[in-house]
There are 2 protein chains.
Amino acid sequence: MTADKGILGRYARVLDAVAESPDGLAFAEIARKTGLPQGTAHRLIGALLRVGYINASQNRRIYVLGHRLLRLLHLRTPRELVAELARPVLKSLVERFAETAFVAKLEGDEVESIAMVLPEFERHSYVQPGRVMPLHAAASAKAIFAFQDKEFLGQALQRPLVTFTPKSITSKKKVLAELAQVRKAGYAACLDELDPGVSSYACPIPVPGGIFYSVGLVGVSQRLEQYSTATLVAALREAANALGERLSGRAATR
Amino acid sequence: MTADKGILGRYARVLDAVAESPDGLAFAEIARKTGLPQGTAHRLIGALLRVGYINASQNRRIYVLGHRLLRLLHLRTPRELVAELARPVLKSLVERFAETAFVAKLEGDEVESIAMVLPEFERHSYVQPGRVMPLHAAASAKAIFAFQDKEFLGQALQRPLVTFTPKSITSKKKVLAELAQVRKAGYAACLDELDPGVSSYACPIPVPGGIFYSVGLVGVSQRLEQYSTATLVAALREAANALGERLSGRAATR
DNA sequence: GAATAAAGTTCCGTGTTTCGGAAGTCGGCA
DNA sequence: TGCCGACTTCCGAAACACGGAACTTTATTC
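Residues numbered from 1 in each chain as written. Chains lettered and ligands numbered in written order. Predicted model: local features only at pLDDT ≥ 70, side-chain atom pairs only at ≥ 80, totals over all residues. Heavy atoms only, no water.

To continue, consider the interface of chain A and chain B. At the junction of the two partners, chain A supplies 48 residues and chain B supplies 48 residues. Regarding the contact of chain A and chain B, the summed buried area is about 4400 Å², with carbon and sulfur atoms giving 63% of it. Of all residues in chain A, the largest losses of buried area upon contact with chain B belong to L8, R76 and L81 of chain A, amounting jointly to 16% of the total for that side. There are four salt bridges connecting chain A and chain B. (Contact = heavy atoms within 4.5 Å. Buried area = accessible area lost by both parts, 1.4 Å probe. Salt bridge = Lys/Arg side-chain N within 4 Å of Asp/Glu carboxyl O.)

Here we take up the protein's contact with DNA strand D. Surveying the vicinity of DNA strand D reveals 14 residues, the closest of which are A28 and H42 of chain A together with R10, T40 and R43 of chain B. Protein-adjacent atoms of DNA strand D, using a 4 Å cutoff, are sugar or phosphate at a proportion of 74%. At a separation of 2.9 Å, a phosphate oxygen of DNA strand D approaches a polar backbone atom of A28 of chain A. One of the side-chain nitrogen or oxygen atoms of R10 of chain B is found 3.1 Å away from a phosphate oxygen of DNA strand D. Listed by contribution, the elements that provide at least two residues to the surface near DNA strand D are α2 (27–34) and α3 (38–51) of chain A together with α1 (6–20) and α3 (38–51) of chain B. Of the residues contributing to the surface near DNA strand D, the split by class is six nonpolar, four polar and four charged. (Near = heavy atom within 4 Å. Polar contact = N/O pair within 3.5 Å; in protein donor to acceptor, adjacent residues only side chain to side chain. Helix = DSSP H or I, 4+ residues; strand = E, 2+ residues; numbered from the N terminus. Nonpolar A, V, L, I, M, F, W, Y, C, P; charged D, E, K, R; others polar.)

In this structure, two copies of a chain are linked by a rotation about an axis accompanied by a shift along it. Structural alignment of chain A on chain B gives an RMSD of 0.1 Å, achieved by rotating through 180° and translating 0.0 Å along the axis. Here the transformation between the copies is reduced to the relation of a two-fold axis. (Least-squares fit on C-alpha atoms with pLDDT ≥ 70 in both.)

To continue, consider the protein's contact with DNA strand C. Taken together, R10, P37, T40, R43 and L44 of chain A together with A26, F27, A28, Q38, G39, H42 and R61 of chain B make up the full set of residues adjacent to DNA strand C. A distance of 2.9 Å separates a phosphate oxygen of DNA strand C from a polar atom in the side chain of T40 of chain A. Between DNA strand C and A28 of chain B there is a distance of 2.8 Å, counted from a phosphate oxygen to a backbone nitrogen or oxygen. Taken together, the elements giving at least two residues each to the surface near DNA strand C come down to α3 of chain A together with α2 (27–34) and α3 of chain B.

All names here are of chain B. Look at helix α5 (residues 79–97) against helix α10 (residues 229–247): their axes get within 10 Å of each other, and the N-to-C directions meet at 160°. One finds that α5 runs roughly antiparallel with respect to α10. In terms of crossing hand, the pair formed by α5 and α10 is right-handed. Contacts between α5 and α10 involve V82, L85, A86, P88, V89, L93, R96 and F97 from the former and T231, L232, A235, L236, A239, L243, R246 and L247 from the latter. (Axes fitted to C-alpha atoms, helices over the stretch in contact; angles between N-to-C directions. Parallel < 35°, antiparallel > 145°, perpendicular 65-115°, else oblique. Left-handed = near helix turned anticlockwise from the far one by under 90°.)

Under the domain assignment used here, chain A contains domain 1 (6–65) and domain 2 (73–247). In this structure, domain 1 of chain A and domain 2 of chain A have C-alpha centres spaced 36 Å apart. (Domains from an automatic or database assignment.)

This paragraph deals with the nonpolar core. Core analysis: the largest hydrophobic core is formed by 185 residues, its most contacted members being V215 of chain A together with V215 of chain B. For V215 of chain B, the residues in contact, after removing those within four places along its chain, are L90, L93, F102, V103, Y201, A202, C203, I205, L236, A239, A240 and L243 of chain B. (Core = buried A, V, L, I, M, F, W, Y, C linked by side-chain atoms within 4.5 Å. Buried < 20%, exposed > 50% of the residue type's maximum accessible area, 1.4 Å probe, protein only.)

Attention now goes to the sheet that holds strand β1 (residues 25–26) of chain A. All names here are of chain A. A sheet is described by the order of its strands in space; here three strands give the open sequence β1-β3-β2, paired in antiparallel fashion. This sheet does not close on itself; its edge strands, each paired only once, are β1 and β2 (54–57). Bridge analysis of β2 against strand β3 (residues 62–65) gives four bridges, and the strand direction is antiparallel. Following the sheet pairing, S57 is matched in β3 by I62. In the packing of helix α1 (residues 6–20) onto the sheet, contacts are made with β1, β2 and β3, and the angle to β3 comes to roughly 95°. (Pairing = 2+ DSSP bridges.)

Residues and elements named next belong to chain B. Taken across its eight residues, strand β5 (residues 110–117) has seven buried, putting it largely inside the fold. Where strand β4 (residues 100–107) lies against β5, seven bridges are found, and the strand directions are antiparallel. In the strand pairing of β5, E107 is matched with E110. The turn linking β4 back onto β5 is made up of two residues, and G108 within it adopts a positive phi angle of 65°. As defined by bridge partners, β5 adjoins strand β6 (residues 132–133) across two bridges and the pair is classed as antiparallel. Each bridged residue has a counterpart across the sheet, and for V111 the counterpart in β6 is M133.

To continue, consider the sheet that holds strand β7 (residues 188–191) of chain A. Either a parallel or an antiparallel arrangement is found when strands of a sheet pair, and the pairing is made through backbone hydrogen bonds. Residue and element names in this part refer to chain A. Taken together, six strands build an open sheet; the order of strands is β6-β5-β4-β9-β8-β7 and the sheet is antiparallel. Both outer strands of the open sheet, β6 (132–133) and β7, are each paired with one neighbouring strand and no more. Bridge count for strand β8 (residues 198–207) against strand β9 (residues 210–220) is 10 bridges, and the pairing is antiparallel. Opposite C203, over in β9, you have V215 as the bridge partner. Most of the contacts of helix α10 (residues 229–247) go to β8, to which it runs at about 35°, and overall it touches β4 (100–107), β8 and β9.

As structure tokens, then:
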């Protein structure tokens, strides 16, 4: 189209070109596909890189969609799509540990539980799908918020930190310290912080663009204690990696 | 953050704000969340509207992500996510018609078959998942390309129109006419155009932002003829609507 | 239903940024 | 070493973004 709708129109054309090529595009191909002069294309690509709308992969020569756009995409991915894909992985966790397994997702600026499989004998569940997991008192939420940027986190921390149990962490400073710890360890735990006598463990699910999902186990604290933390975390991490590959289309279709 | 990375940084902040609010944002909320002066916010929103990165919903007062971004989202949605969700719907089509049912997806600038369920007695399939469906000789591809914009279509039509059978349409003009017809009728048919003696029908799957998927039936022409076109199309349309709702997160979780 | 507040829109002089052609640099290859 | 294509930088002219303030429209209150 000759009708370039302002400056944004040209940026949009570059993004369209990049998105339409599943394996990314080299600089010259972008200039050709969009019909932009090389100098101009170069400048636009530089700006897009700086805001994170495209990323340079490999030897810095192939451009693909960037983390900032992938973030929007995951925020808008319907819960059901992810839930459907996660079910088999959750089932195998349940079989192994006989505890409730679940997946949580970043929705807007909150973390929600979106899929759950519970052991057969269990009478009730601790995380109904759709339940909002509080940032300071749920392993699943910690595992996701620990990997968000400061600005976003600061906004989320505006919400009051409700005291659910005597063990709940209710100071912003302590929450931030906890999240830093989660980031370092690669997993989150919540022992009696949300419901008394109930504990949970969760790992972030790595997908290109950032962390938007987590996979976890919940159960009566006493029963969970029979497994070592290392065992639980190793299993969750494995599950998280498997889910990450499925969510980004790199999985061997089972 | 005070560090605005150029003009794109401010647009990005608006988009982030909109994406983080699942139900959309009013003008004033955008200005507040991004910290932009009202006049400025208004101008940026206008530009974003013009390129289709945001849409005004309802009484033109609530802004949500626009079709141009949703398009990127769907282009990048892994095949497996969609395939998993589509399976039950495909199964019920197969049960009813005893013919192969499948879903196709726009990948880059090509249409690919991504999920398929075939009747038990069938010995081989006509559309392996992963097969690229030619724009001019496959119902599934026609059903998708018919709803793409002219620019994109023109680009796709650069590719040579292979003659698969005597019935294949091989002139650009006729292909365009056929696509216009598909757009009007709301479904596409291919009678012996790709493989001799094999026919297919397909309907576009409506999701917010445009058409990126189609659902179809394939089979030996003679066998398919026992159903009236109206019957086939009605069933496909129903399936397409069901899939559309699931894909956009509006479905009643079965 | 009038008064008032809130939400949304337009204007415009100032000043920064974009524009793209052309010239320059890099890196692989014979 | 010298060539070629891919990529990057430069720069003056022109265009556009900037945001405060004034204005219109819509919602709320009494």
